[in-house]
Every structure is written in structure tokens, then in C-alpha cells.
Amino acid sequence: MKMHGILTLLACIVAVLAVAGAGCTGTTEQTNGAELKDSYIVGIDGAYPPFSYIDKDGNAQGFDVDSMRWIAEKKGIEVTFMAVDWDAIIPTLQAGKIDMVYAGMSITPERQEKVSFSNPYWSINQDVVAREDSNVTLDEVLAGKVVIGAQRGCTAAIWIEDNLIETGKLPKDNLKYYPDTPAAVSDLEIGRIDAVMYDDVSIQDIIEGKPLKTIGSVETQEQEQFGVAIRKEDTALLEFMNEGIAELQADPYWEELKEKHNLA
């Protein structure tokens, strides 16, 4: 009976030590947002130059990618990048498969209901492009008289839905959705659609060297600002990224980055 009691006591002690040890090793993996981790997975759009894209060798590149790498190096964390379909990127963040979205995501009230955003770091307008031999005008686009393409889930598509379709100017079927803007531009080139709307800097990068032209812009800069999207509960990460972005913008490397990616 004495031996049995001793064994039982030893088993209890081992169990307590095991639980205590598990608690110590999990401090960087807490899900309440109070602790930072040593490494993060950054979600990006794989076809959004010059902010984020996957190059021919399968590597993540772009202004936002370089910005995140600089912040990671300065702040002593590891980061990896994962390209995610744009219309699925917030659900992917909410599901915990990525830790943030750093890829030219505009801060909108609808998105703010689902995620938190860092302080803004860039502003844009929406450009409209057409074929060089086309007579389509911006006025015709805004009057809903064309077939227009946009990347599903992006702010250009949302703007068209809210300002043209919901107002009755554009038939619903005249907005064609694409998984990414290069696919929309390809359809524009062969005449399947009349125009494409997208973020100004990026669309200029995409159409460079193609028989396409910009026919005008929709002024959204005051309302359309980029931020890094983070799960609402990850408050420490949000503070960390705000600090990192502020440090980057105060460093001479910020201007170098803009020059490198033709954003100066």
C-alpha cells in the first residue's frame, strides 16, 4: 500500500510539471493578442505590382514586401509571404492561416468590421484603361454604357457596384469579375470587355508595353488609403506594425523604396 501511494504521488508530480512546462513553451503562441510571436506569415496579392507580386522564380516581391522585410529585420522577427486569392484573403486571415495582410489593402468601413488596420501608409485613385484604338471615354464608363472588368473583391469592383450598378446606370451583367487584374487586362486586349478599372499605380505597371491607354481617373485618394490588416484580437501585433511603419517612413530607406518601385 505504501509503494502504491508513493507511485501515485510521483505520477501527480510529473503531471503537474508537464502542465507547467507546456505553459512556459507556449508564451509566443498565445491567441489573445497580448504577446508577439517570433515569426509571422504575411498574406499578399500575388499579382499586384508594384506593391506585391510573385516573380517568375516564385519569390515574393514589391514595395509592400520590401517594406515588411525591412520592418522584420529592424524589429528582430522572421516573416514568410503567402499569396492568397484577393476575395479570400480576409477569410484566410480570420481563419489564422496568415497573420496579416500587407498588400495594398484599402481601409474601408466594411473591412473594418472584420479586421483592424494599421495607420495608413499610402493613398491612391482609381484609373480606367481601354485599348489604344478604342473611342471609349470616361464619361461613357461613368454613364454605364460599357462592359467593364475589375478584380473581384477589390475597391474598384466595390466602387462600380456602389456607384454604377446600385444607381441603375450600369446593368449588373456589364461588370465582369476576374481573379486578378492581369486577367482582366488580357480580356481587354482581345476585346472581350471595353475597359478596366484598378488602382492607379498598379494598373500603370500592368499595362506598360501593351496597346492600352488610360482614359481617366476616379478621384478616391481622400477616401482610399492602404493599411495593414490584422485580426482584431492581435492588439500587440497592431501596435508593433504601427511602430514599424512609422520607423520605416522616418528612415531614408523609405525614399529609396519609392524610387526602386517607381512610386516617387
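Definitions and cut-offs
Residues numbered from 1 in each chain as written. Predicted model: local features only at pLDDT ≥ 70, side-chain atom pairs only at ≥ 80, totals over all residues. Heavy atoms only, no water. Helix = DSSP H or I, 4+ residues; strand = E, 2+ residues; numbered from the N terminus. Buried < 20%, exposed > 50% of the residue type's maximum accessible area, 1.4 Å probe, protein only. Contact = heavy atoms within 4.5 Å. Phe/Tyr/Trp six-rings, centres within 6.5 Å; stacked < 30°, edge-to-face > 60°. Pairing = 2+ DSSP bridges. Core = buried A, V, L, I, M, F, W, Y, C linked by side-chain atoms within 4.5 Å. pLDDT = per-residue confidence, 0-100. Polar contact = N/O pair within 3.5 Å; in protein donor to acceptor, adjacent residues only side chain to side chain. Salt bridge = Lys/Arg side-chain N within 4 Å of Asp/Glu carboxyl O. Patch = residues over 30% accessible without salt bridge, like charges linked within 9 Å, V, L, I, M, F, W, Y side chains within 5 Å. Areas by Shrake-Rupley, 256 points an atom, 1.4 Å probe, with all protein chains shown as cover. Lys, Arg positive; Asp, Glu negative; His and termini not counted. Charge placed at Lys NZ, Arg CZ, Asp CG, Glu CD. Axes fitted to C-alpha atoms, helices over the stretch in contact; angles between N-to-C directions. Parallel < 35°, antiparallel > 145°, perpendicular 65-115°, else oblique. Nonpolar A, V, L, I, M, F, W, Y, C, P; charged D, E, K, R; others polar.

## Considerations on the overall build of the chain
In terms of helices and strands, the chain carries 10 helices and 14 strands. Evaluated residue by residue, the chain yields a buried proportion of 46% over its 264 residues. When contacts within the chain are restricted to residue pairs at least 6 apart in sequence, long-range pairs at least 24 apart make up 73% of them.

## Brief notes about the packing of aromatic side chains
According to the stated counting rule, one finds 12 aromatic pairs in the structure shown. Consider the rings of Trp70 and Tyr253, whose centres lie 6.5 Å apart with planes at 15 degrees: the pair is stacked. Placement of Trp70 in helix α2 (residues 63-75) and of Tyr253 in helix α10 (residues 253-260) is noted, with a sequence separation of 183 residues between them. Using a relative accessible area of 23% as the deciding quantity, one classes Tyr253 as partly exposed. Ring pairing ties together the aromatic residues Tyr48, Phe51, Phe63, Tyr102, Tyr121, Trp122, Tyr198, Phe226 and Trp254, which thus form one cluster.

## Quick look at the sheet that holds strand β3 (residues 52-54)
The 3 strands lie next to each other as β2-β3-β4, forming an open sheet whose pairing is antiparallel. Sheet topology places β2 (47-48) and β4 (60-61) at the edges, where each strand pairs with a single neighbour. With 2 bridges joining them, β2 and β3 adopt antiparallel strand pairing. Note on β3: the bridge partner recorded for Ala47 is Tyr53.

## A few points about the nonpolar core
By size, the foremost hydrophobic cluster in this structure holds 76 residues, and its most contacted members are Met68, Met100, Val101, Tyr102, Trp122, Ile148 and Met241. The residues contacting Tyr102, other than those within four sequence positions of it, are Val42, Gly43, Ile44, Asp64, Ser67, Met68, Ile71, Tyr121, Val228, Met241 and Ile245.

## A look at the confidence of the model for the chain
Residues with a pLDDT of 70 or more make up 86% of the chain, whose mean pLDDT is 88. Confidence drops under a pLDDT of 50 for residues 1-31, and excluding neighbours within four residues, the segment shows 7 contacts in the predicted structure.

## Quick word on the environment of Asp127
Note on placement: Asp127 falls in strand β9 (residues 126-131). Take Asp127: its relative accessible area is 7%, and that puts it in the buried class. For the pair Asp127 and Gly216, spaced 89 residues apart in the sequence, the C-alpha separation amounts to 6.0 Å. When residues no more than four places from it in sequence are discounted, the contact partners of Asp127 are Val196, Met197, Tyr198, Asp200, Ile203, Gln204, Thr214, Gly216 and Ser217. A polar atom in the side chain of Asp127 sits 3.0 Å from the side chain of Gln204.

## Some points on the environment of Val129
By secondary structure assignment, the location of Val129 is in strand β9. If sequence neighbours within four positions are ignored, Val129 has contacts with Leu188, Asp194, Ala195, Val196, Ile203, Ile207, Lys213, Thr214 and Ile215.

## Points about the pattern of salt bridges
Oppositely charged side chains may form a pair once their charged atoms are brought near each other. All told, the structure shown has 13 salt bridges when counted by the stated rule. The salt bridge involving Lys37 is made with Asp99; its shortest N-O contact spans 3.1 Å. With Lys37 in the loop between α1 (2-25) and β1 (39-44) and Asp99 in the loop between α3 (89-94) and β6 (100-106), this pair connects stretches of sequence that are 62 residues apart. On the accessibility criterion, Asp99 (5% relative accessible area) is buried.

## Re the side chain of Arg231
Residue placement: Arg231 occurs in the loop between β14 (225-230) and α9 (235-249). Here Asp99 takes part through its side chain, which lies 3.3 Å from a polar atom of the side chain of Arg231. Excluding residues that lie within four positions of it along the chain, Arg231 makes contacts with Leu93, Gln94, Gly96, Ile98 and Asp99.

## Some thoughts on a negative patch on the surface
The grouping of Glu110, Glu113, Asp162 and Glu166 at the surface amounts to a negative patch. In this structure, Glu110 sits in helix α4 (residues 109-112).

## Focus on the packing of α2 against α9
α9 packs onto α2 with a crossing angle of 105 degrees between their chain directions and a minimal axis gap of 10 Å. If you check the angle between α2 and α9, you find them roughly perpendicular. Two secondary-structure elements touch here, α2 through Ser67, Met68, Trp70, Ile71 and Lys75 and α9 through Phe240, Met241, Glu243, Gly244, Ile245, Glu247 and Leu248. Grouping the constituent residues of the contact of α2 with α9 by class yields 7 nonpolar, 2 polar and 3 charged.

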